[in-house]
Structures are given as C-alpha cells and as structure tokens.
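So the chains spell out like this:
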Amino acid sequence: MNWITKILKAGQNIKERIKERASREELKSSKWMPSCCGSAPVLKETIFNEKQLNTCPNDNCQFHYPFPPRSRFDHFYGKNNWEEIDTPRIPDDPLSWPNDVYKKKLAAARKITNQRCSVLVALGERDGVKITSFAIHSLFIGGAISIESAEAILKACDVAIENKTPLVAWSEGGGQIMFESGLSLQGMARTVLGINEVKKNNLPYINIYTNKCYGGISASFAALGDIAFAEKSSMIGFAGKAIVRNQTREDLPENFQSSSELLRTGFLDAEFHRKEINDKIMTVLKILLKKNSVISSEQNETAELSIQTRKEAS
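How each quantity is defined
- Think of each chain on its own: its residues are numbered from 1, step by step along the sequence as written.
- Predicted model: local features are reported for residues with pLDDT of at least 70 only, side-chain atom pairs are reported and counted for 80 or more only, and whole-chain, interface and lining totals are derived from all residues.
- To get the side-chain values, all heavy atoms of the structure are used, and hydrogens and water are removed first.
- Numbered from the N terminus, helices here are DSSP runs of H or I no shorter than four residues, and strands are runs of E no shorter than two.
- Type-normalised accessible area, obtained with a 1.4 Å probe on protein chains alone, sets the label of each residue: buried when under 20%, exposed when over 50%, and partly exposed for intermediate values.
- Contact between two residues is taken to exist if any of their heavy atoms lie within 4.5 Å; hydrogens are not considered.
- The pLDDT value tells you how sure the predictor is about a given residue, anywhere from 0 up to 100.
- At least two bridges found by DSSP between two strands is the condition for calling them paired.
- Only the stretch in contact is used when a helix axis is fitted, and all axes are lines through C-alpha atoms; the angle between N-to-C directions ranges over 0 to 180 degrees.
- Note on aromatic contacts: the rings of Phe and Tyr and the six-membered ring of Trp form a pair at centre separations within 6.5 Å, being stacked when their planes are under 30 degrees apart, edge-to-face when over 60 apart, and tilted otherwise.
- Joining through side-chain atoms within 4.5 Å is the link that ties buried Ala, Val, Leu, Ile, Met, Phe, Trp, Tyr and Cys residues into a set, and such a set is a nonpolar core.
- By definition, no residue in a patch forms a salt bridge, and every one has over 30% relative accessible area; like charges are joined within 9 Å, nonpolar side chains (Val, Leu, Ile, Met, Phe, Trp, Tyr) within 5 Å.
- Each accessible area is a Shrake-Rupley estimate made with a 1.4 Å probe; only the visible protein chains count as cover when residues are assessed.
- Any carboxyl oxygen of Asp or Glu within 4 Å of a side-chain nitrogen of Lys or Arg constitutes a salt bridge here.
- Polar contacts, as counted here, are pairs of nitrogen or oxygen atoms within 3.5 Å of one another; within protein the pair requires one atom able to donate a hydrogen and one able to accept it, and residues that are adjacent in sequence qualify only if both atoms are side-chain atoms.
- Cysteine sulfur atoms that come within 2.5 Å of each other are treated as a disulfide pair.
- How far a helix is expected to stretch is found by multiplying one less than its residue total by 1.5 Å.

1. Comments concerning the overall build of the protein chain
Logical step 1: Counting its regular elements, the protein chain contains 11 helices and nine strands.
Logical step 2: Relative to its 314 residues, the protein chain shows a buried fraction of 42%.
Logical step 3: A fraction of 67% describes how many contacts in the protein chain between residues 6 or more apart in sequence connect residues 24 or more apart.

2. Focus on the environment of Ser220
Logical step 1: Relative to the assigned elements, Ser220 resides in the loop between helix H7 (215-218) and strand S8 (227-231).
Logical step 2: Taking C-alpha positions, Ser220 is 9.6 Å from Ile195, a pair spaced 25 residues apart along the chain.
Logical step 3: Contact partners of Ser220, with chain neighbours within four places excluded, come to Met188, Thr191 and Val192.

3. Looking at the confidence of the model for the protein chain
Logical step 1: Predicted confidence across the protein chain gives a mean pLDDT of 88, with 86% of residues reaching 70 or more.
Logical step 2: Throughout residues 294-298 the model reports pLDDT below 50, and contacts reaching past four residues in sequence, or to other chains, amount to two contacts.

4. Concerning the sheet that holds S8
Logical step 1: As summarised here, the arrangement of the seven strands in space is S3-S4-S5-S6-S7-S8-S9, forming an open sheet in which the pairing is mixed. At either margin of the open sheet sits one strand with a lone partner, and together these are strand S3 (82-84) and strand S9 (270-272). Averaged over all pairs of adjacent strands, the angle between their axes in this sheet comes to 25°, without regard to strand direction.
Logical step 2: Helix H5 (residues 147-163) rests against strand S4 (119-126), strand S5 (129-136) and strand S6 (167-173) of the sheet, and its axis sits at about 20° to S4.

5. Re the packing of aromatic side chains
Logical step 1: Throughout the structure, instances matching the rule amount to 12 aromatic pairs.
Logical step 2: Aromatic side chains Phe76 and Trp170 sit 5.2 Å apart centroid to centroid with 75° between the ring planes, which places their arrangement in the edge-to-face category. Here Phe76 is found in helix H3 (residues 69-77), whereas its partner Trp170 is found in strand S6, with 94 residues between them in sequence.
Logical step 3: Using a relative accessible area of 1% as the deciding quantity, one classes Trp170 as buried.
Logical step 4: These aromatic residues form a ring-pair network of at least three members: Phe73, Phe76, Tyr77, Trp82 and Trp170.

6. Points about the nonpolar core
Logical step 1: In this structure, Val119, Phe134, Leu167, Tyr209 and Phe221 are the most contacted members of the largest nonpolar core, which totals 31 residues.
Logical step 2: Put simply, the parts of the chain that give this core at least two residues each are S4, S5, H5, S6, helix H6 (181-200), strand S7 (205-213) and S8.
Logical step 3: Element by element, the count of residues in this core is highest for H5, at seven residues.
Logical step 4: Leaving out residues up to four positions away in the same chain, Val119 has contacts with Phe134, Ala135, Ile136, Ile145, Ser149, Ala152 and Ile153.
Logical step 5: In terms of nonpolar packing, the next biggest core, distinct from the first, is built from 22 residues, Trp82, Leu120, Ile206 and Ile227 among them.

7. Quick word on a nonpolar patch on the surface
Logical step 1: On the surface, a nonpolar cluster with roughly 300 Å² of combined accessible area is contributed by Leu95, Trp97, Val101 and Leu183.
Logical step 2: With respect to the helices, strands and loops of the structure, Leu95 is situated in the loop between S3 and helix H4 (101-113).

8. A word on the environment of Lys111
Logical step 1: Considering the arrangement of structural elements, one finds Lys111 in helix H4.
Logical step 2: Residue classification places Lys111 among the exposed positions, given a relative accessible area of 74%.
Logical step 3: As for Lys111 and Phe140, which are separated by 29 residues in sequence, their C-alpha atoms are 9.5 Å apart.

9. Things to note about the side chain of Thr55
Logical step 1: Tracing the backbone shows Thr55 in the loop between strand S2 (42-43) and H3.
Logical step 2: By relative accessible area, Thr55 is classed as buried at 0%.
Logical step 3: In this structure the side chain of Thr55 is engaged in a polar contact, spanning 2.5 Å, whose partner is the backbone oxygen of Gln52.

10. Let's talk about the state of the cysteines
Two cysteines form a disulfide when their sulfur atoms are joined by a covalent bond.
Logical step 1: Taken as a whole and assessed by the stated rule, the structure comprises zero disulfides.
Logical step 2: Here Cys37 is not cross-linked by a disulfide; its sulfur's nearest cysteine counterpart is in Cys56, at 3.7 Å.
Logical step 3: The structure places no disulfide on Cys61, whose sulfur is separated from the nearest cysteine sulfur, that of Cys36, by 3.6 Å.

11. With respect to H5
Logical step 1: In this model H5 runs 24 Å from its N-terminal to its C-terminal C-alpha over 17 residues, within 8% of the 24 Å that 1.5 Å per residue would give.
Logical step 2: Structurally, H5 contributes buried residues whose contacts are with H4, S4, S5, S6 and H6.
Logical step 3: At the C-terminal side of H5, Lys164 shows a positive phi close to 55°.

12. A word on the side chain of Ser133
Logical step 1: Here Ser133 is to be found in strand S5.
Logical step 2: At a separation of 2.7 Å, a polar atom in the side chain of Ser133 contacts the side chain of Tyr77.
Logical step 3: Among residues more than four places away in sequence, those in contact with Ser133 are Phe73, Tyr77, Leu120, Val121, Ala122, Leu167, Val168 and Trp170.

This is how it looks when you write it as structure tokens:
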C-alpha cells in the first residue's frame, strides 16, 4: 500500500467517524444530554424543570445551568407578578460590519431569546416589597454587553430611582461585545455611573453572580453591589483561567475563580443554591429597608454597621 492509498483510506475513516457523530440539531432536539458529574447521559427533563430550576439533582454536584431572565423573574417574583420594562432601542451595527455579519448574529440571538439585547429589566413585588431588577441572558451572544444592553441597565437604574425601589441584578456573560469595539466599552463607565446614582438615592443594590461572569461585567456594575451573592458552582473573574495560566506560566488551583474560593478570600458575602437564594435576598433587603418586624432594632443596627464598614473598606 503506497502513501497515497494510506491517505485516502485515512480520509475515508475520518468521514465515516464524522457521519457517526450527532449533528448540532440532533443534540438540541434530543431528550438526553451529557452529565455534568458522571459519564452516563442524563434526561434533560430531570434538570430543566420548575423543581430543579436548571440545577443538577446530584447533591454532591449541584451544578447550575443557565437560567433565562424570564424564568428567573417568574421564580423570584412569582408568575404574573412582575412587568417587563421597555428599554431604549439603539440602531444595530454601529460599526457597519461587512456582509451584515453582526446584524445576522443579532437576528439569530433575538430569535433564540425573544429579547432585544442581552439584558432584560423587570419591576415587580415580592413579600410586599417593590423591587426593580435586571438579568442577563447568556444565550444572547454569550451575554455580552452592547450599547443597547448598557442602556437597559441604565433604564433599570432610572426605574429604581423613580419608584424608590431596591435594585437586584443577576450578572453573567463574557463582558463587552467585540462587534461594537470601544463603543461597548463606554458602557462600563456609564453603568458604573448609573449604579452610583442608585446609591446616592440611598437605595440598596444587590448583585448576584451567576455562572459564568467575566470581563467588563465583573469589572463594572457587577462589582458594585452593597451585597455580593453568587449561585453555587459559579465561575467569576476578569480573564478566564486558561488565559491567566498562559500569561503567568503558573499552575493554578483547581478551584481558581470559583464562587467557593472567592467566598473564602472575601470577594463574596455568600453563595447559595438557586432554590434558596431568593429568600436570602429578601432577608437582606428587609434588613436594609427596615421592613422585617421579626428582626430587632439592635440587629438592624449591627447589620447596618457591618455594611457601612464594608463600604468604607472598599
């Protein structure tokens, strides 16, 4: 067998292997998915349901899968107990990418998520407390923050100030969108200014990190919470682990950038399972708003002193 025959045979083997693999459409429509904590496939319905809330049922794993903003708001406020806030619309593709490549990505993302941009804003009520919130959809071009996404966050700040409500954010995504270059980077400064206006009006701002939160998101509005929570198994950082390893040439710990490690080092106030975090958010809000009759004034003063100390330290 000469070398040409060998190459042709190898090419045929590769083609046959590729044909044996499931296509993206087949994987999407399948009832099964790879397990996050084992080798055997698992039924999607055992994870993506109202009881599990897109989390692994294995107590030793508890991996948190993405949770779309509308599902998150339903879980937080209760179904039909919140309203979606209209946010400013910005002309698409400000840098006029060739072949409409960016416009096509936006159209595909909007079709998948039924959102205009990666950020969705809501106003609702829970336990008698009116709350403004926003959440990021990771399926919208990786949850990247565009000019329109930044405007949505600023709208959330305006709604919170106008209605004198606390602001709660669920932050995830890879940072500022590359298709808008420096224009999207301006959103980092603008959202920081927006959050600071909320604080100037003495309104609480709680940020919850969800998996994964990186780049300009973790370096701007997500880092400004009066209280910083995270869902379990979340990864949080600026540059990813692989990038840090390549730049530093060092062996990094296995739990590097994990929420559990960031809690240990003081970057987070607490991490919770998705099933319990809503009650924790409300407990803190009621303390800050002095609306919890069960908690004594002495405990309120202690909590306020602790929060004030944390602010001064930062």
